[in-house]
Each structure stands twice: as C-alpha cells, then as structure tokens.
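Report on the structure
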Amino acid sequence: MAHLGSEAAAYVDGQLPAPEMIAARHHLRECQSCRLAVMQQETLKIRMKHVNAPEPPHELLASLARLKDKGIEPESRWARLCRSAPARMTVALVSASAVVVAAAYMFGVSKEPAGDPVLPSVDDYALAFAGSEQSQTQAIMHTMSNTSLAELEAAGWPCPASLGTRFDRVDAALVDNDQVVDLTFSDGRQLLKLFEQSGALDVSGLDGFVPETIGRTEVWVRDGIPLIATWDADGVVFTVVTDASRDELAPVIAELPARESGEGPLDRVGNGLDRMTSWLSAA
Ligand SMILES: [Zn+2]
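First, a word on what this report is: a plain description of the structure on this page. Residue numbering note: each chain is counted from 1, following its sequence as written. Reporting in this predicted model follows two pLDDT cut-offs: at least 70 for local features of residues, and 80 or more for side-chain atom pairs to be given and counted; totals over whole chains, interfaces and linings ignore these cut-offs and use all residues. Water and hydrogen atoms play no part in the side-chain values, which are based on all heavy atoms of the structure.

A short note on the overall build of the chain
To keep things clear, this is the line we draw: Counting from the N terminus, the helices are the DSSP runs of H or I reaching at least four residues and the strands are the DSSP runs of E reaching at least two. Residue contacts are counted whenever heavy atoms from the two residues lie within 4.5 Å of one another. Every accessible area reported is derived by Shrake-Rupley at a probe size of 1.4 Å, with residue values counting cover from the shown protein chains alone.
Broken down by element type, the chain carries 11 helices and 10 strands. Considering only residue pairs separated by 6 or more positions, the chain has 64% of its internal contacts joining residues 24 or more positions apart. Summed over all atoms, the accessible surface of the chain reaches about 14700 Å², with 54% contributed by carbon and sulfur.

This is the structure in structure tokens:
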C-alpha cells in the first residue's frame, strides 16, 4: 500500500475500515516515515486534549471583574494572590481583559499532567543501559537519520544533539513497538540514556524512587548504578538512566521540558500569557 499520508489521523482514531486498518498495520511495520507520522498524530491528540481543559475557576474571573470596578482591595484573596505572583505578571493581568485571562488560563494548562498514566519500564531501561555500555566501543547499529530526528522534534519529542555539560548524542532509536524514543549520549567515558514516551507519569507504580526537586523540576529519582530519574511534562514521560554522578543530572534535566513545581492558577495564567506573547511575537 501507499504511504498513510492524510489517513494517519484516521488510523490513530481507529476510524479506517477494517481492511485498510490491516493494510496500514502491515505498512507501518516497514515504513519508518509513516510510523513517525502516526507518532506525530498521537502526540497531537494528547495536545488537543489540553485545549478541552476546564474553564478558569469562576473565582478567578469574578476577582478580575471586581478588580476592574474597584481596584485592588488590600486584603482580598486576589490581592494576596497578586502579591505572591511575579510583578511582571501582575501588571499584565491588571491590564488584560477577562477574556484574555480566560484564554491564557486555558493555554497555560499544557504544563499539567496530560495523557494516559504511564509507568516507564525502568528495569528494561537499566538493562538497555547495560547493553549500550557494552556496545559503546562497537559501531552504533540503528542510528536514526537526521531527517527522522527533525520530524520527532517537530512532533514535540526533544532530541537534542547534546545534553548537560558534556554529553553528546551518539545514538537514537525507536523501541518498544515505536512507542518509546531511545536516545543515547556519551562523553567518551560515561553514558546517559534518555527515554521518552507519551503519557503522564504513574508515580504509584514506581518502586524505590524518591521525589525530589532538581533545579525547577519535580523528579522521581532512584539512586544506584545506574542512577535513574523520571518525570513528565507536556504529555511526555522522560526517563534518564546514567552512570554519571548526581551532579551531572541537574544540568541535563534543566535542558529538558519540565512541569514546574508548585503551580497554581496564577502560574497557569502566567504560562498562558507567555505562550500567547511568544506566538504573537513570532507571527
Ligand atoms: Zn509509508
């Protein structure tokens, strides 16, 4: 069969007629570019869910209406919220209309957990790490083309060429039926693997992991050799497996998407405003 093309979306939604579904499945086994198209659609689907996010709390909009009428009441809940928010954002909020704030609230949600709960196969990842360690001196078997990597990036899967202070990407692959992006980084001595998969991190199933805030990211960490850290952001679960020291972890995590800790409605509006501003300035 020909490439899936515009049928990729219908395939992801399971809306192709049965014979075409089967043909598509066969084709996907052999065609990486269509597999990437399907992954893109799946990511898109997760992102679209954010747009259907709940409306801003009534309280927030009511506070804004009051703010317009009376100015800020010194000890109102709203005033307290404003005091705790960055000054830049308070100014933006006071001058924004309720409609803009409502829109910003909705656009701001994509830093919240999204997608189906996912438990990263950390033990498989640790085994894969050991395998990569052994083959580090051998030729890399399944490096993806730069084009494929660019497509993954465009679909929202970060595939940086380097990470942290000294790691360079040496390998990239799709594993687990193309459900997981498997990136390998090395500095020549130590190895770092980064796994990315769709979904929201299911922390209830994590065994031996302790929650920590590294930089501004909430991360679940399991000490040992290898050291494993996992978190989610924007509908993607990230898992880092490395034999590097803990100190090396912070700069690596800082370069990857984060769900920032302690996020309230105002942070969310702030995120949304940031997003909207960056879209406007890009246009
Ligand atoms: Zn194809």
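After that view of the structure, there is still more to cover.
Things to note about the coordination of the zinc ion
The textbook angles at a metal center are 109.5 degrees for a tetrahedron of four donors and 90 or 180 degrees for an octahedron of six. Formally: Metal coordination here is assigned from N, O and S atoms located within 2.8 Å of the ion, or within 3.2 Å for Na, K and Ca; omission of water means that sites may look incomplete. Site shape is set this way: if four donors have all angles between 85 and 135 degrees, tetrahedral; if opposite donors are over 155 degrees apart and all others between 65 and 115, square planar for four donors and octahedral for six; otherwise irregular. Burial status follows relative accessibility: with a 1.4 Å probe on protein chains alone, a residue under 20% of its type maximum counts as buried, one over 50% as exposed, and anything between as partly exposed.
Surrounding the zinc ion are the protein donor atoms His3 (ND1), His27 (NE2), Cys31 (SG) and Cys34 (SG), which sit 1.9 to 2.3 Å from the metal. Classification of the site at the zinc ion as tetrahedral follows from its 4 donor atoms and the range of 101 to 120 degrees in their angles at the metal. The sequence motif formed by the donor residues of the zinc ion is H-x23-H-x3-C-x2-C. Like Cys34, Cys31 is buried.

Structural notes on the pairing of strand β10 (residues 236-242)
Basically, it comes down to this: When DSSP finds two or more bridges between a pair of strands, those strands are recorded as paired.
Most of β10 sits out of view: 7 of its 7 residues are buried. Side chains Val236, Phe238, Val240 and Thr242 project from β10 onto one buried face, and the interleaved Val237, Thr239 and Val241 project onto a second face that is buried too. In this sheet, β10 lies alongside strand β5 (residues 191-198) in antiparallel orientation, the contact comprising 7 bridges. Across the sheet, residue Glu196 finds its bridge partner in β10, namely Phe238. Bridge count for strand β9 (residues 227-233) against β10 is 7 bridges, and the pairing is antiparallel.

A few points about the packing of aromatic side chains
What counts here: For this analysis, a ring pair means two rings from Phe, Tyr or Trp (six-membered ring only for Trp) whose centres lie within 6.5 Å, classed as stacked if their planes differ by under 30 degrees, edge-to-face if by over 60, and tilted for the remaining angles.
The final tally for this structure, using the stated rule, is 2 aromatic pairs. Between Tyr125 and Phe195, the aromatic rings sit 3.8 Å apart at their centres with planes inclined by 10 degrees, giving stacked as the arrangement. Remark: Phe195 occurs in strand β5 and Tyr125 occurs in helix α8 (residues 122-134); sequence separation between them is 70 residues. The residues Tyr125 and Phe195 share a single accessibility class, namely buried. With centroids separated by 5.5 Å and ring planes inclined at 20 degrees, the aromatic side chains of Trp231 and Phe238 adopt a geometry described as stacked.

Observations concerning helix α10 (residues 246-254)
Heads up, the condition is: By definition, the arc is the one covered by directions from the helix axis to the C-beta atoms.
All of the buried residues in α10 are Glu248, Leu249, Val252 and Ile253. The buried residues of α10 occupy one face: seen down the axis, they fall within an arc of 130 degrees. Along α10, the residues that are exposed and aim more than 90 degrees away from the buried face are Asp247 and Ala254.

Topic: the nonpolar core
Counted only if it meets this: Among buried residues, those of type Ala, Val, Leu, Ile, Met, Phe, Trp, Tyr and Cys that are joined through side-chain atoms within 4.5 Å constitute a nonpolar core.
Of all hydrophobic cores here, the largest spans 32 residues; its most connected members are Leu152, Leu163, Val181, Leu183 and Leu194. Counting residues per element, this core draws most heavily on β9, at 4 residues. Among the nonpolar cores identified, the runner-up in size contains 14 residues, and Ala126, Leu191, Leu206 and Val237 belong to it.

Topic: the environment of Met21
Relative to the helices and strands, Met21 is located in helix α2 (residues 18-30). Its relative accessible area of 13% is what places Met21 among the buried residues. Note: C-alpha distance between Met21 and Ala10 (11 residues apart in sequence) is 9.4 Å. For Met21, the contacting residues outside a window of four places in its chain are Tyr11, Gly14 and Leu16.

A short note on the sheet that holds β5
Quick note on the threshold: For helices, the fitted line uses only the C-alpha atoms of the stretch in contact; every axis is such a line through C-alpha atoms, and the angle between N-to-C directions lies from 0 to 180 degrees.
A sheet is described by the order of its strands in space; here 8 strands give the open sequence β2-β3-β4-β5-β10-β9-β8-β7, paired in antiparallel fashion. What marks the edges here is a single partner per strand, and that holds for β2 (162-163) and β7 (210-214). The sheet strands contacting helix α9 (residues 146-154) are β3 (167-175) and β4 (180-186), and the helix crosses β3 at an angle near 80 degrees. Of the strands in this sheet, β2, β3, β5, β7, β8 (217-222), β9 and β10 are in contact with α10, which crosses β9 at around 20 degrees.

Topic: unusual backbone geometry
The linkage connecting Ile225 with the following residue, Pro226, adopts the cis geometry, with an omega of 0 degrees. Position of Pro226 among the secondary structure elements: in the loop between β8 and β9.

Here's the deal with α9
Listed as buried for α9 are Ser148, Leu149 and Leu152. Down the axis of α9, the smallest arc covering the buried residues is 100 degrees, so these residues share one side. Turned more than 90 degrees from where α9 packs its buried face, Asn146, Thr147 and Ala154 sit exposed. Positive phi appears at Gly156, one or two residues downstream of α9, with a value of about 100 degrees.

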